[in-house]
2 protein chains.
Amino acid sequence: MAHDHSELLKKIRNDMPADELLQDLGDLFKIFGDTTRIKIMYALYEGEMCVCAISELLNMTQSAISHQLKTLKDANLVSSRRDGKEIYYSLSDEHVKSIIAEGFEHITE
Amino acid sequence: MAHDHSELLKKIRNDMPADELLQDLGDLFKIFGDTTRIKIMYALYEGEMCVCAISELLNMTQSAISHQLKTLKDANLVSSRRDGKEIYYSLSDEHVKSIIAEGFEHITE
DNA sequence: TCCTCATATGATTACTTGCTCATATGTTCA
DNA sequence: TGAACATATGAGCAAGTAATCATATGAGGA
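Being a predicted model, the structure only gives us computed values, none of them experimental.

Participant: How would you sum up the packing of aromatic side chains? Please name residues and give values.
Facilitator: Considering all chains together, one arrives at seven aromatic pairs over all chains under this definition. Consider the rings of Phe29 of chain A and Phe29 of chain B, whose centres lie 6.0 Å apart with planes at 10°: the pair is stacked. Taken together, the residues Phe29 of chain A in helix α2 (residues 19-32) and Phe29 of chain B in helix α2 (residues 19-32) connect one chain to another. With relative accessibility at 0%, the residue Phe29 of chain A sits in the buried group. Taking 4.5 Å as the distance between ring centres and 20° as the angle between the ring planes, the aromatic pair formed by Tyr42 of chain B and Tyr45 of chain B counts as stacked. Judged by relative accessible area, which is 14%, Tyr42 of chain B ranks as buried. A connected cluster of aromatic rings, assembled from ring pairs, spans Phe29 and Phe32 of chain A together with Phe29 and Phe32 of chain B. It is Lys97 of chain A that lies over the ring of Tyr45 of chain A; its NZ or CZ is 5.2 Å from the centre.

Encoded structure:
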């Protein structure tokens, strides 16, 4: 810890959001940190899709997709509605798109 | 795979970014998906800090912080400069702030 | 009611990851 | 040159996680 940082640290501690909020923020980005989930969200950009369409699109098992959809739903990033035997998923709100868009800008600079 | 999705899938496949790009996007968000790294980036909001100041701020070992700084640097999210014995880290660009800001909006809605 | 289709879910496993410990590198000063 | 300080880095371990497999739930049609 060497030399003295107390002034700087006091200032920063004062400006930083609460630990719990930063934890939630990390948890949110963790959801975006998986290629399968990113693909699912991107697929839903244009509108709702049923589970079997998503699994066909990504060429993955229905089970794998279902598990990921549950993760996304628990995080309030997607919503679902039932229509007969099928269940249709869609993006919960516009934040999903804007978060992905910001990430995209950093990648493609 | 049941019923026919070929029309929908054809359209979506056409609009989706390349797999490699989506992979990079996931990798980027993965970096943001850890509370320690989020805290480090937030700490650097106001300007550069040396490693020992960060580790004192977060109350973590110098080694743990160094490892995370390496991760952040490899992802081009932070830069460093040496000044004598100390090495000062700062945010690489404004994208870091805007990505975090977007995430924040979703959390605090 | 029984069968089939669409989806959900629990358990298991292979892989990833963040921290720790020990040690290496690099800088300043006497 | 050697000692002290600041930081980096490699190995190892414990915790977390994404896919798989088997099975459960739930809806529609014969």
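Participant: Go over the relation of the copies chain B and chain A, please, and point to the residues and values.
Facilitator: Expressed as a screw transformation, the operator carrying chain B onto chain A has a rotation angle of 180° and an axial translation of 0.0 Å, and the superposed copies differ by an RMSD of 0.1 Å. When the rotation and shift are considered jointly, the pair of chain copies conforms to a two-fold rotation axis.

Participant: So what about the packing of helix α6 (residues 95-107) of chain A against α2 of chain B? Which residues, and what values?
Facilitator: Taken N-terminus to C-terminus, the directions of α6 of chain A and α2 of chain B make an angle of 105°; their axes are 10 Å apart at the nearest point. Comparing their axes, α2 of chain B and α6 of chain A come out roughly perpendicular. Here α6 of chain A contributes Ile99, Ile100, Gly103, Phe104, His106 and Ile107 of chain A to the contact with α2 of chain B, which in turn contributes Leu21, Asp24, Leu25, Leu28 and Phe29 of chain B. Residue classes in the contact of α6 of chain A with α2 of chain B are distributed as eight nonpolar, two polar and one charged.

Participant: I'd love a proper account of the nonpolar core, names of residues and values included.
Facilitator: Across soluble globular proteins, you tend to see nonpolar side chains buried next to one another. Phe32 and Met49 of chain A together with Phe32 and Met49 of chain B are the most contacted members of the largest nonpolar core, which totals 70 residues. Sequence-distant contacts of Met49 of chain B, defined by excluding residues within four places in its chain, comprise Leu8, Leu9 and Ile12 of chain A together with Ala43, Leu44, Ile54, Leu57, Ile87, Tyr88 and Tyr89 of chain B.

Participant: Give a detailed account of the packing of helix α3 (residues 35-43) of chain A against helix α5 (residues 62-74) of chain A, specifying residues and quantitative values.
Facilitator: All names here are of chain A. The interhelical angle for the contact between α3 and α5, taken along N-to-C directions, is 75°, at an axis separation of 10 Å. In terms of axis orientation, α3 runs roughly perpendicular to α5. The residues of α5 that touch α3, namely those facing Thr36, Arg37, Ile40 and Met41, are Ile65, Gln68, Leu69, Thr71 and Leu72. Looking at side-chain class alone, the contact of α3 with α5 contains five nonpolar, three polar and one charged residues.

Participant: Hey, could you go over the pairing of strand β2 (residues 78-83) of chain A for me, with residue numbers and the actual values?
Facilitator: Residues and elements named next belong to chain A. Where β2 meets strand β3 (residues 86-91), six bridges bridge the pair, whose relative direction is antiparallel. By the bridge assignment for β3, Arg81 is matched with Tyr88. With antiparallel pairing between neighbouring strands as the criterion, β2 and β3 make up a hairpin whose turn holds two residues, including Gly84 at a positive phi of roughly 70°.

Participant: Account for unusual backbone geometry, with residues named and values stated.
Facilitator: Although it is not a glycine, Asn76 of chain A sits at a positive phi angle of roughly 60°. With respect to the element layout, Asn76 of chain A can be found in the loop between α5 and β2.

Participant: Would you mind going over helix α4 (residues 51-58) of chain A in detail, with residue names and values included?
Facilitator: Among the eight residues of α4 of chain A, seven are classified as buried, and the element is accordingly described as predominantly covered. For α4 of chain A, the secondary structure elements touched by its buried residues are α3, β1 (49-50), α5 and β3 of chain A together with α1 (6-15) of chain B. Phi turns positive, to about 55°, at Asn59 of chain A, one or two residues after α4 of chain A.

Participant: Tell me about the pattern of salt bridges, and name the residues and values.
Facilitator: Residues and elements named next belong to chain B. Under the criterion given, the structure shown has 14 salt bridges over all chains. One salt bridge in this structure joins Asp15 and Lys11, with 3.8 Å as the shortest N-O distance. One end of the pair, Asp15, and the other, Lys11, are both in helix α1, four residues apart, so they sit about a helical turn from each other. Among the residues examined, Lys11 registers a relative accessible area of 47% and is labelled partly exposed. The salt bridge involving Asp27 is made with Lys30; its shortest N-O contact spans 3.9 Å.

Here is what the cut-offs are and how they apply
- Residues numbered from 1 in each chain as written.
- Chains lettered and ligands numbered in written order.
- Predicted model: local features only at pLDDT ≥ 70, side-chain atom pairs only at ≥ 80, totals over all residues.
- Heavy atoms only, no water.
- Phe/Tyr/Trp six-rings, centres within 6.5 Å; stacked < 30°, edge-to-face > 60°.
- Helix = DSSP H or I, 4+ residues; strand = E, 2+ residues; numbered from the N terminus.
- Buried < 20%, exposed > 50% of the residue type's maximum accessible area, 1.4 Å probe, protein only.
- Lys NZ or Arg CZ within 6 Å of the ring centre and 35° of its normal.
- Least-squares fit on C-alpha atoms with pLDDT ≥ 70 in both.
- Axes fitted to C-alpha atoms, helices over the stretch in contact; angles between N-to-C directions.
- Parallel < 35°, antiparallel > 145°, perpendicular 65-115°, else oblique.
- Contact = heavy atoms within 4.5 Å.
- Nonpolar A, V, L, I, M, F, W, Y, C, P; charged D, E, K, R; others polar.
- Core = buried A, V, L, I, M, F, W, Y, C linked by side-chain atoms within 4.5 Å.
- Pairing = 2+ DSSP bridges.
- Salt bridge = Lys/Arg side-chain N within 4 Å of Asp/Glu carboxyl O.

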